[in-house]
Amino acid sequence: MEKHVDPSRIVLLGFSIGSAATVELLKEEKDRKPPAGVILQAPPTSLLRVFGNMIGRKKHLEKPTCCLDRFVTIDKVTPEWLPDAAHDNIENCRVVWKRIRKFIREELKLK
């Protein structure tokens with residue numbers, strides 16, 4: 001059974017590598033009405049950026065993305081970093097869910 005829901009009532013949520021798929025889907029859906037909003041939780045910025053951060057190289061975040069990176073989201077969306085939220089605890093992090101509620105209720109004005 002197909003349900004017809006007005007896209008202005010839909011908020012897409014992508015987690016981890018699914019965030020890259022969500023961004024790519026949005027790029028391809030130019031002929032349809034866009035969703036009310038998009039939330040990307042713990043999207044991979046790029047593999048090389050993650051590796052660089054692990055070894056303590058911070059300046060790489062300011063440079064253009066290397067052409068070898070796949071599923072790069074950082075060049076397509078503006079990140080919002082939340083304190084106490086990390087890839088391995090984001091689904092249980094209170095500050096994340098408070099921010100999502102604020103986004104849906106106050107910024108998108110959905111109920």
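Residues numbered from 1 in each chain as written. Predicted model: local features only at pLDDT ≥ 70, side-chain atom pairs only at ≥ 80, totals over all residues. Heavy atoms only, no water.

Student: Let's hear about the pattern of salt bridges: which residues, and what values?
Tutor: Under the counting rule described, the total for this entry stands at 4 salt bridges. Here R99 makes a salt bridge to E107, at a shortest N to O gap of 2.8 Å. Connected through shared salt-bridge partners, E80, R99 and E107 make up one network. (Salt bridge = Lys/Arg side-chain N within 4 Å of Asp/Glu carboxyl O.)

Student: Can you break down the pairing of strand β2 (residues 37-41) residue by residue, with the values?
Tutor: Every second residue of β2 is oriented toward a common face, the buried set being G37, I39 and Q41 and the non-buried set V38 and L40. Bridge analysis of strand β1 (residues 11-15) against β2 gives 5 bridges, and the strand direction is parallel. Within the sheet, the bridge partner assigned to G14 lies in β2 and is L40. Regarding the hand of the β-α-β motif, the stretch spanning β1, helix α1 (residues 17-28) and β2 is right-handed. (Buried < 20%, exposed > 50% of the residue type's maximum accessible area, 1.4 Å probe, protein only. Helix = DSSP H or I, 4+ residues; strand = E, 2+ residues; numbered from the N terminus. Pairing = 2+ DSSP bridges. Right-handed = clockwise from strand over helix to strand, strands pointing away.)

Student: Lay out the nonpolar core with the relevant residues and their values.
Tutor: Formed by I39, A42, I90, C93, V96, I100 and F103, the largest nonpolar core amounts to 7 residues. Sorting elements by how many residues they give to this core places helix α3 (residues 94-107) first, with 3 residues. In this view, I90 contacts F15, Q41, A42, V96 and W97; residues no more than four positions away in its chain are not counted. (Core = buried A, V, L, I, M, F, W, Y, C linked by side-chain atoms within 4.5 Å. Contact = heavy atoms within 4.5 Å.)

Student: An account of the side chain of T22 is requested, with residue identities and associated values reported.
Tutor: In this fold, T22 is placed in helix α1. T22 sits in the buried class, given a relative accessible area of 11%. Excluding its chain neighbours within four sequence positions, the residues that come into contact with T22 are L12, L13, G14, V38 and L40.

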